[in-house]
Amino acid sequence: MKWGVVTFPGSLDDRDALFALRDVLEQDAELLWHKDRDLRNADCVVLPGGFSYGDYLRCGAMARFSPVMESVVDFARRGGLVLGICNGFQILCEAHLLPGALTRNRSLSFICERIIVKVENSQTPFTCAADSGELLRLPIKHGEGRYVAPADELRRMEDRGQILLRYVDQNGEATDSANPNGSTHCIAGVANDTFNVFGLMPHPEHAVEPMLGGDDGIRIFRSIIQSLG
Amino acid sequence: MLVKVFITPKRGVLDPQGRAIEHSLKSLGFNNVGQVRMGKYIELEVAAASSEEAASEVKRMCDQLLANSVIEDYRLEVERA
């Protein structure tokens, strides 16, 4: 399979994602420029973390209108796999490929720490290499990661199993103290209702080798490889 | 035309900035202050034949870019520049 990692002006983690895919997972992956509409036959498109277009107006609001996003929206509507990490998650919400929005952290502070998430639904292309209920230790680093969605939408998402990752404590409980940013229902990652678009605030690409403090992030990438394999 | 856009967090969406301002004001002794909501203010110059035309144009801008309807409300004021 082939991966495309988009570089927007202000992207920070595009090369980290490329490193994870190429060097650690030995995948065929290349960078896609925000002005190009050609996705170069990618089977999965990754929107990386960072501060695209300076996060002006709202995080992800400007990136949504870049030429590459027209192709990404088409690709997603045709069922192509799209993974949005951190700023990429914000862009997917702004582009209406995912429901809800990401807002200022409850604490008003930028948070940079290691947290634990629970895999809530392992029957998806993004989580199939993990078990439901499995705990993953991943880094987060964001100022605007508090997930919100309208109550009726949230109910539908919970019913359909669109909440793929939730912030939990060491016992796997989604408690308020385990919720780093105040996200509704401790939500850390969600999929669309056709399960081909996934956004998450934690950074799997920063957790792919023991030297980086852990390699639980590999589970997410392996799932995608497995689902297309 | 000069169009002024006021964007505020929707009622019911937690506004930690507004809450922090509210607490600071209370600690300064402004005890009459109730809930504080913190938003954005955008001024736009728009070429239009009438106030109505300018308002409807900016409303489309708000729906497509300036505001996010999931978390924000907006209102407009139009002034002849």
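These figures come from a predicted structure and were not determined experimentally.

So, on to the overall build of chain B. Secondary structure assignment for chain B yields two helices and three strands. Taking 81 residues into account, the globule formula puts the C-alpha radius of gyration at 12 Å, and chain B, at 16 Å, lies well above it. Taken along its principal axes, the extent of the C-alpha atoms in chain B is 50 × 25 × 15 Å. For chain B, buried positions account for 30% of its 81 residues. Restricting the contact set of chain B to residue pairs at least 6 apart, pairs at least 24 apart contribute 71%. Carbon and sulfur atoms form 51% of the exposed surface of chain B, whose accessible area is close to 5,200 Å².

Before going further, it helps to spend a moment on the packing of aromatic side chains. Residue and element names in this part refer to chain A. On inspection of all chains with the given rule, the structure shows five aromatic pairs over all chains. Between the aromatic rings of W3 and F221, the centroid separation amounts to 6.1 Å while the plane-to-plane angle is 65 degrees, which identifies the pairing as edge-to-face. Remark: F221 occurs in helix 5 (residues 218-228) and W3 occurs in strand 1 (residues 2-7); sequence separation between them is 218 residues. F221 matches W3 in its accessibility class, with the two residues each being buried.

Below, the discussion takes up the sheet that holds strand 3 (residues 44-47) of chain A. Residue and element names in this part refer to chain A. Strands sit in the order 2-1-3-4-11-10-9-6-7 across an open sheet of nine strands; the sheet is mixed. The sheet is open, and its two borders are formed by strand 2 (28-33) and strand 7 (135-142), each paired with just one other strand. The mean angle between the axes of side-by-side strands here comes to 25 degrees, regardless of whether they run parallel or antiparallel. Of the pairings in the sheet, the one linking strand 9 (residues 163-167) to strand 10 (residues 187-191) comprises three bridges and is antiparallel in character. By the bridge assignment, R166 is partnered in strand 10 with I187.

For the rest of this paragraph, the subject is the nonpolar core. Judged by nonpolar contacts, the single largest core of 70 residues is most densely connected at A:W3, A:L47, A:L83 and A:Y147. Non-local contacts of A:L47, meaning those with residues more than four positions away in its chain, are made with A:V6, A:F8, A:M69, A:V82, A:L83, A:G84, A:I85, A:G88, A:I91 and A:L92.

A few words on the pairing of strand 3 of chain A. Residues and elements named next belong to chain A. The two faces of strand 3 match: C44 and V46 on one face and V45 and L47 on the other face are all buried. In terms of strand pairing, strand 3 meets strand 4 (residues 81-85) through four bridges, oriented parallel. Bridge pairing links V46 to L83 in strand 4. Following the backbone out of strand 3, through helix 2 (residues 67-77) and into the adjacent parallel strand 4, one traces a crossover that is right-handed.

What follows covers the environment of A:V82. Residue and element names in this part refer to chain A. Mapped onto the secondary structure, V82 falls in strand 4. Sequence spacing of V82 and F126 is 44 residues, and the spatial spacing of their C-alpha atoms is 9.6 Å. Not counting the four nearest positions on each side in its chain, V82 is found in contact with V45, L47, V72, F75, A76, L92, F126, N196, V197 and F198.

Turning to the sheet that holds strand 2 (residues 40-45) of chain B, a few remarks are in order. Residues and elements named next belong to chain B. Strands sit in the order 2-1-3 across an open sheet of three strands; the sheet is antiparallel. Of all the strands in the sheet, just strand 2 and strand 3 (72-79) have a single pairing partner and so form its edges. The mean inter-strand angle of the sheet, taken between neighbouring strand axes irrespective of direction, is 20 degrees. In this structure, strand 1 (residues 2-9) lies alongside strand 3, joined through eight bridges in antiparallel fashion. Bridge pairing in strand 3 places P9 opposite E72. Running at roughly 155 degrees to strand 3, helix 2 (residues 51-66) makes contact with strand 1, strand 2 and strand 3 of the sheet.

Between its first and last C-alpha, helix 1 (residues 16-27) of chain B extends 16 Å over 12 residues, near the 16 Å set by a 1.5 Å rise per residue. Check the buried side of helix 1 of chain B and you find it contacts strand 8 (146-148) of chain A. After helix 1 of chain B finishes, the residue B:G29 shows a positive phi value of roughly 100 degrees.

To continue, consider the interface of chain B and chain A. Taken together, the 14 residues of chain B in the interface contact 16 residues of chain A. Of the roughly 1,200 Å² buried between chain B and chain A on both sides combined, carbon and sulfur atoms contribute 66%. Per-residue buried area on chain B facing chain A is highest for B:P16, B:L65 and B:V70; these three make up 37% of the total on that side. Inspection of the region where chain B meets chain A yields one salt bridge. For A:R58, the salt bridge goes to B:E72, with nearest N and O atoms at 3.8 Å. At the surface where chain B touches chain A, the tally comes to seven residue pairs in polar contact (both at pLDDT 80 or more). Counting only elements with at least two residues in the side of chain B that touches chain A, the list comes to helix 1, strand 2 and helix 2 of chain B.

Calculation rules
- Residues numbered from 1 in each chain as written.
- Chains lettered and ligands numbered in written order.
- Predicted model: local features only at pLDDT ≥ 70, side-chain atom pairs only at ≥ 80, totals over all residues.
- Heavy atoms only, no water.
- Helix = DSSP H or I, 4+ residues; strand = E, 2+ residues; numbered from the N terminus.
- Rg over C-alpha atoms; globule rule 2.2 N^0.38 Å.
- Buried < 20%, exposed > 50% of the residue type's maximum accessible area, 1.4 Å probe, protein only.
- Contact = heavy atoms within 4.5 Å.
- Areas by Shrake-Rupley, 256 points an atom, 1.4 Å probe, with all protein chains shown as cover.
- Phe/Tyr/Trp six-rings, centres within 6.5 Å; stacked < 30°, edge-to-face > 60°.
- Pairing = 2+ DSSP bridges.
- Axes fitted to C-alpha atoms, helices over the stretch in contact; angles between N-to-C directions.
- Core = buried A, V, L, I, M, F, W, Y, C linked by side-chain atoms within 4.5 Å.
- Right-handed = clockwise from strand over helix to strand, strands pointing away.
- Expected span 1.5 Å × (residues − 1).
- Buried area = accessible area lost by both parts, 1.4 Å probe.
- Salt bridge = Lys/Arg side-chain N within 4 Å of Asp/Glu carboxyl O.
- Polar contact = N/O pair within 3.5 Å; in protein donor to acceptor, adjacent residues only side chain to side chain.

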